[in-house]
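Given next are the chains, with one letter for each unit.
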Amino acid sequence: MNNRELIDKLNKEKSLLFSEWEQLLGTFNEDDAKYSSQIARTISVDKFGKKIFFRGIVEFTNYCKNDCYYCGIRCSNKNAVRYRLSKEDILICCEEGYKYGYRTFVLQGGEDNHYTDDMMVDIISEIHKRFPDCAITLSIGEKERKSYQKFFDAGATRYLLRHETANEEHYRKLHPEKLSLKHRMNCLKDLKEIGYQTGCGCMVGTPFQEVKHLCEDMMYMSEFKPEMIGIGPFIPHKDTPFRDYPCGSVEMTLFLLSLCRIMLPDVLLPATTALGTARGDGRKLGVLCGANVIMPNLSPIAVRKNYMLYDNKAISGEDAGENLKVLQDHMSDIGYEIVIDRGDYKK
Ligand code: SAH
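None of the values given here were measured: they were computed from a predicted structure.

A. Expanded view of the nonpolar core. Grouped together as the largest cluster of nonpolar side chains are 96 residues, with contacts concentrated most on Trp21, Leu25, Met120, Ile127 and Leu138. In terms of residues, this core owes the most to one element, helix α10 (residues 250–263), which gives ten residues. Not counting residues up to four positions away in its chain, the partners in contact with Met120 are Phe60, Leu107, Tyr115, Leu138, Ile140 and Phe151. Counting residues in hydrophobic clusters, the runner-up holds nine residues, among them Phe53, Met228, Val293 and Met295.

B. Representation of the site of the ligand. By nearness alone, 17 residues border the ligand, and Tyr70, Gly109, Arg162, Glu164 and Ile235 come closest of all. Between the ligand and Arg162, the relevant distance is 2.9 Å, taken from an oxygen atom to a side-chain nitrogen or oxygen of the residue. With respect to the ligand, the side chain of Glu164 contributes an N or O atom lying 2.5 Å from an oxygen atom. Coverage of the ligand by the protein chains reaches 91% of its 560 Å² of free accessible surface. Of the residues in the shell around the ligand, the class split is nine nonpolar, five polar and three charged.

C. Spotlight on the environment of Gly230. With respect to the element layout, Gly230 can be found in strand β7 (residues 228–233). For the pair formed by Gly230 and Thr277, sequence separation is 47 residues and the distance between their alpha carbons is 15 Å. Leave out the neighbours within four places in its chain, and Gly230 touches Arg162, Cys200, Gly201, Cys202 and Pro270.

D. Structural context of unusual backbone geometry. Notably, Lys14 is not glycine yet its phi reads approximately 65°, a positive angle. Topologically, Lys14 is positioned in the loop between α1 (3–13) and α2 (18–27). You can call Lys14 partly exposed: its relative accessible area is 26%.

E. A look at the sheet that holds strand β9 (residues 337–339). As summarised here, the arrangement of the three strands in space is β8-β1-β9, forming an open sheet in which the pairing is parallel. Strands at the two margins of the open sheet, each flanked by one partner only, are β8 (293–294) and β9. Sheet topology places strand β1 (residues 51–54) next to β8; two bridges connect them, and they run parallel. What sits directly across from Phe53, in β8, is Val293. With respect to the sheet, helix α14 (residues 324–333) is in contact with β1, β8 and β9, its orientation differing from that of β9 by roughly 135°.

F. Looking closely at the pairing of β7. With six of its six residues buried, β7 lies for the most part within the structure. Of the two faces of β7, the one lined by Met228, Gly230 and Gly232 and the one lined by Ile229, Ile231 and Pro233 are each fully buried. Two elements, strand β6 (residues 197–204) and β7, share six bridges in a ladder whose sense is parallel. Paired with Val204 across the strands is Pro233, a residue of β7. Handedness of the β6-helix α9 (residues 211–224)-β7 crossover: right-handed.

G. Main features of helix α6 (residues 145–154). All buried positions along α6 are accounted for by Ser147, Tyr148, Phe151 and Ala154. Seen from one end, α6 has its buried residues packed into an arc of 125°, which puts them on one side. Facing away from the buried side of α6 by over 90 degrees, the exposed positions are Lys146 and Asp153. Buried residues in α6 make contact with α5 (117–130), β4 (135–139), β5 (158–160) and α8 (181–194). Looking one or two places after α6, you find Gly155, whose phi comes out positive at around 125°.

H. Highlighting the sheet that holds β4. Taking strand neighbours across the sheet as the criterion, the six strands line up as β2-β3-β4-β5-β6-β7 in an open arrangement whose pairing is parallel. Pairing within the sheet leaves two strands with one partner each, and these edge strands are β2 (56–61) and β7. Across the sheet, the mean angle from the axis of one strand to that of its neighbour is 20°, orientation sign disregarded. Those strands touched by α8 are β5 and β6, and its axis lies near 150° from that of β6. Lying on the sheet, α10 is in contact with β6 and β7; it crosses β7 at an angle near 165°.

I. Main features of the packing of aromatic side chains. Considering all chains together, one arrives at 15 aromatic pairs under this definition. With a centroid separation of 4.8 Å and 75° between ring planes, the pair formed by Phe54 and Tyr102 is classed as edge-to-face. One end of the pair, Phe54, is in strand β1; the other, Tyr102, is in the loop between α4 (87–100) and β3 (104–109), with 48 residues separating them in the sequence. The class of Phe54 is buried, set by a relative accessible area of 3%. With a centroid separation of 4.9 Å and an interplanar angle of 75°, the aromatic rings of Tyr148 and Tyr159 are classed as edge-to-face.

The rules behind each value
- Residues numbered from 1 in each chain as written.
- Predicted model: local features only at pLDDT ≥ 70, side-chain atom pairs only at ≥ 80, totals over all residues.
- Heavy atoms only, no water.
- Core = buried A, V, L, I, M, F, W, Y, C linked by side-chain atoms within 4.5 Å.
- Buried < 20%, exposed > 50% of the residue type's maximum accessible area, 1.4 Å probe, protein only.
- Helix = DSSP H or I, 4+ residues; strand = E, 2+ residues; numbered from the N terminus.
- Contact = heavy atoms within 4.5 Å.
- Near = heavy atom within 4 Å.
- Polar contact = N/O pair within 3.5 Å; in protein donor to acceptor, adjacent residues only side chain to side chain.
- Areas by Shrake-Rupley, 256 points an atom, 1.4 Å probe, with all protein chains shown as cover.
- Nonpolar A, V, L, I, M, F, W, Y, C, P; charged D, E, K, R; others polar.
- Pairing = 2+ DSSP bridges.
- Axes fitted to C-alpha atoms, helices over the stretch in contact; angles between N-to-C directions.
- Right-handed = clockwise from strand over helix to strand, strands pointing away.
- Arc of directions from axis to C-beta.
- Phe/Tyr/Trp six-rings, centres within 6.5 Å; stacked < 30°, edge-to-face > 60°.

Next up, the structure:
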C-alpha cells in the first residue's frame, strides 16, 4: 500500500499494523501530510463545526519533586524561581477567567507534595461550588488511585497525563530511574476506570526518539482510546541536560495531530502551546490538521515567566488568557471561531 492508502485504511479501520505505521511515519512527504490534514479537518468540522474550545490553564505551582531531563521545572534546576499559588490566588484566576468566558479550568503543576490531597480536594470543591457550570481538569502528575478518586469525587472530571513516550527504553532515556512508564500507564488506566475524561500524549522529537517510538505512541493511543490527546514538539530548556538538543519537528507534530484526529474522530485535541512556540503560526496549522482545543494561560501575570517548561514559552498574545480577542482574531483568519462552552467529550 502507498501512504495515501494507509491513511485511507486508518480512516476506515481506525488502526494500522506496526509495520504500516513505520512506513507512514518513516516515509511521508508533503503530499501525504496535506492529504491527511484534509481528511482530519473534514472529520473535525463534521464533529465540531468550525468551533474551537478554549481552556484556561492555571499553573499553580512550579515546584516539582521529579527530575525529568527535558523539563525546565525539574527539581535539579536551581535557576528556576519557584512559586506556589494559594487557594485564594487560584480562585481569583478562575473568577477572571469566568468573566472572559472560560468554562474549563485546568489546574497544572509540578508534582508538589506541599499540596496534600485534602488541600487539593478543598481547592477543587471550592471551584466546583463557585463555578458549577465549569469543568475542572487536573494535570498534576502521578498519584495514588485513591487520591485520583478523591479529586474526582470533589468535582474534577478530566485529567491530563501525557505518557511522554510509549517505549520503555526511550522512557528511560528521558527520566531518572525513579520514574517508570509502567507506573505512568497504570495511572492512566486508573484515571479512565474512575471515570475521568483522560488525556495522554507525547512529545515529538525528544532526544533519542526514533520513528518506531512514535509508532508505538500511535499504537498505544489507538488501544487506550483517550478522550484527549496532547502532542507537541520537544523544545530544549537552557537549564536542563537536554539544552543542546534541537527542537522537535513541527511537520511531524502536525502530521501526527491529523492522524490522531483520523484514528479517534471524537478526541479533544489541543493545538498546544509548544506547537505555537516552535512556530508562530503553529496553532493555526494545528487547527487545520484537526485540532479543536486551545489552552491559553490564566496564571497570574507575575508568575507566568516562572512556569518555563522550555525556552521561549509564549506568555503573551493569544497565549495570554485575558487576550481572547487576539485568539479569536487568529482563529477567524482561518475561518474558525472560539466558543464559550465546557466542551466535554462526546462519543
Ligand atoms: N507534572 C505534570 C505536568 C507536566 S507539564 C505531569 O507530570 O503530567 C505538561 C507537559 O509539558 C509534560 O507532560 C510534557 O509533555 C511537556 N513538556 C515538559 N517539558 C517540555 C519541553 N522541554 N518541551 C516540550 N514539552 C515539554
